Amino acid sequence: MPIARPAAPVRLDAVELRVLHLPLVSPFATSFGTETVREVIVVRVRTADGDGWGEIVTQQSPLYSSEYTQGAWDVAQRFLAPALLDAAAHALAPEEVAGVLEPFVGHRMVKAGLELAVLDAALRAEGRALGEYLGATVDRVPSGVSVGIQRDPSALVDAVAGYVDQGYVRIKIKIKPGRDVADTAAVRDAFGAIPLQVDANSAYTLADADTLAELDRFDLLLIEQPLQEDDIVDHAALAARLRTPICLDESIVSAKAARDALALRAAAIINIKAGRVGGYLEAVRVHDLCREAGVVPVWCGGMLETGIGRAANAALAALPGFTLPGDVSASDRFYARDIVREPIVLEDGHVRVPTAPGIGVEIDPVALEDATVARVELRR
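This is a predicted model, so every value here is computed, not measured.

Trainee: Which residues make up the environment of I359, and what values go with them?
Mentor: Take I359: it is sitting in the loop between strand 12 (350–352) and helix 13 (365–371). Residue I359 is classed as buried on the basis of its relative accessible area, which comes to 2%. Placed 16 residues apart in sequence, I359 and P343 show a C-alpha to C-alpha distance of 12 Å. Apart from the residues lying within four places of it in its own chain, the contact partners of I359 are W53, L116, D120, R124, L130, I308, A311, A312 and P354.

Right, dumping it as structure tokens:
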């Protein structure tokens, strides 16, 4: 399902980068650490027809990914943004951004943020919404929530209860060795048949297969990324030993990576994160690949995005292949104060797909300025 109608080219005059520090409403703990403040880079491209906004979803430290804020900040200024400005001296279509940046190896999250900003600017100029452009088929998407590792199983049950009461239609809990079977059992016992999945963030090895097999009895939707991102063959071996479907996250860095994983039967489900695969257009390609495979459900993962990335994720999750609830939660799940004027909210377990031009949200300049800890503007 390729993009039906490409966006019109835009001429870039400048690229602005900002590092933001946004306090989280509560600590978010996973197998690779605990965050209390979200550090993220926001991209603004300036054109004659208006601005466009994007988000680089790196984290402060290279724990989830080899990409991290200061590395992204450096490569964006020294290489990627200048290349984009040079290419757009006359005009550049959003569909051309990936090709311009392809010579630079890796740094997919930076590329994704730059591409989204160009895409937002182009679609705003046309008066076209991102959802329409990507091929959205629904006006709202079911919302799941990701719950970090808590003090103990009892505290986890209390945290999950709050989200169930708010109306989230699927619960995902983070696990790691020693905090897996008992935590999952506590949630399943407390909430019965609620759609439930677990996320290991690469915390296990194939030697832990017996422990992971114990999770089969909890009727989970999936086990997300149990092994290291490059352990595709081991994931295939593990999948053959479990009844619970394996979903890959960190391993899926492109449509090719998804194709290889499916060919090896290393995954039955794919988590699509636009930042991780290099942009929303590559995310659509992963979606299309899985849909063509016929039996491969996909869902939209989250990276604690601000309202910029959250709105774009809602548009992506509205494509027809996204048959499982994603981590497109309401803004107040993470932030008491977002940087957009109308943050994403939860309505009967769903979030609405923005319909205004571009990503469909407007930046709150005061909130943006208050969260900014570094800023630079590059011009042609």
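Trainee: Kindly report on unusual backbone geometry, identifying the contributing residues and their values.
Mentor: Most of the time, phi is negative for any residue but glycine, and the peptide bond is trans. Even without a glycine there, the phi angle at D219 is positive, about 55°. Its place among the elements puts D219 in the loop between helix 7 (209–213) and strand 8 (223–224). Judged by its relative accessible area of 62%, D219 falls in the exposed class. Even without glycine at this site, R265 takes up a positive phi of about 60°.

Trainee: Mind laying out the side chain of K174, listing which residues take part and the relevant values?
Mentor: Here K174 is to be found in strand 6 (residues 170–174). Owing to a relative accessible area of 7%, K174 belongs among the buried residues under this scheme. Here D199 takes part through its side chain, which lies 2.6 Å from a polar atom of the side chain of K174. A polar atom in the side chain of K174 sits 2.9 Å from the side chain of N201. Among residues more than four places away in sequence, those in contact with K174 are F28, A29, T30, S146, V147, G148, I149, R179, D199 and N201.

Trainee: Got a sec to walk through the sheet that holds strand 6? Specific residues and values, please.
Mentor: What the seven strands build is an open sheet, ordered 5-6-7-8-9-10-11; its pairing is parallel. Each end of this open sheet is capped by a strand with a single partner; those strands are strand 5 (144–147) and strand 11 (298–300). With two bridges connecting them, strand 7 (residues 196–199) and strand 8 associate as parallel partners. Counted as the bridge partner of V198 is I223 from strand 8. Lying over the sheet, helix 6 (residues 181–191) contacts strand 6 and strand 7, oriented at roughly 160° with respect to strand 7. Helix 11 (residues 280–293) rests against strand 10 (269–272) and strand 11 of the sheet, and its axis sits at about 165° to strand 10.

Trainee: Can you lay out the pairing of strand 5 for me, pointing to particular residues and giving the numbers?
Mentor: Taking every second residue as pointing to the same face, both faces of strand 5 are buried, with G144 and S146 on one and V145 and V147 on the other. Direction of pairing for strand 5 relative to strand 6: parallel, over a ladder of four bridges. Its bridge partner lying in strand 6, S146 is registered against K172. One crossover worth recording links strand 5 to the parallel strand 6 by way of helix 5 (residues 153–166), and it is right-handed.

Conventions used here
- Residues numbered from 1 in each chain as written.
- Predicted model: local features only at pLDDT ≥ 70, side-chain atom pairs only at ≥ 80, totals over all residues.
- Heavy atoms only, no water.
- Helix = DSSP H or I, 4+ residues; strand = E, 2+ residues; numbered from the N terminus.
- Buried < 20%, exposed > 50% of the residue type's maximum accessible area, 1.4 Å probe, protein only.
- Contact = heavy atoms within 4.5 Å.
- Polar contact = N/O pair within 3.5 Å; in protein donor to acceptor, adjacent residues only side chain to side chain.
- Pairing = 2+ DSSP bridges.
- Axes fitted to C-alpha atoms, helices over the stretch in contact; angles between N-to-C directions.
- Right-handed = clockwise from strand over helix to strand, strands pointing away.

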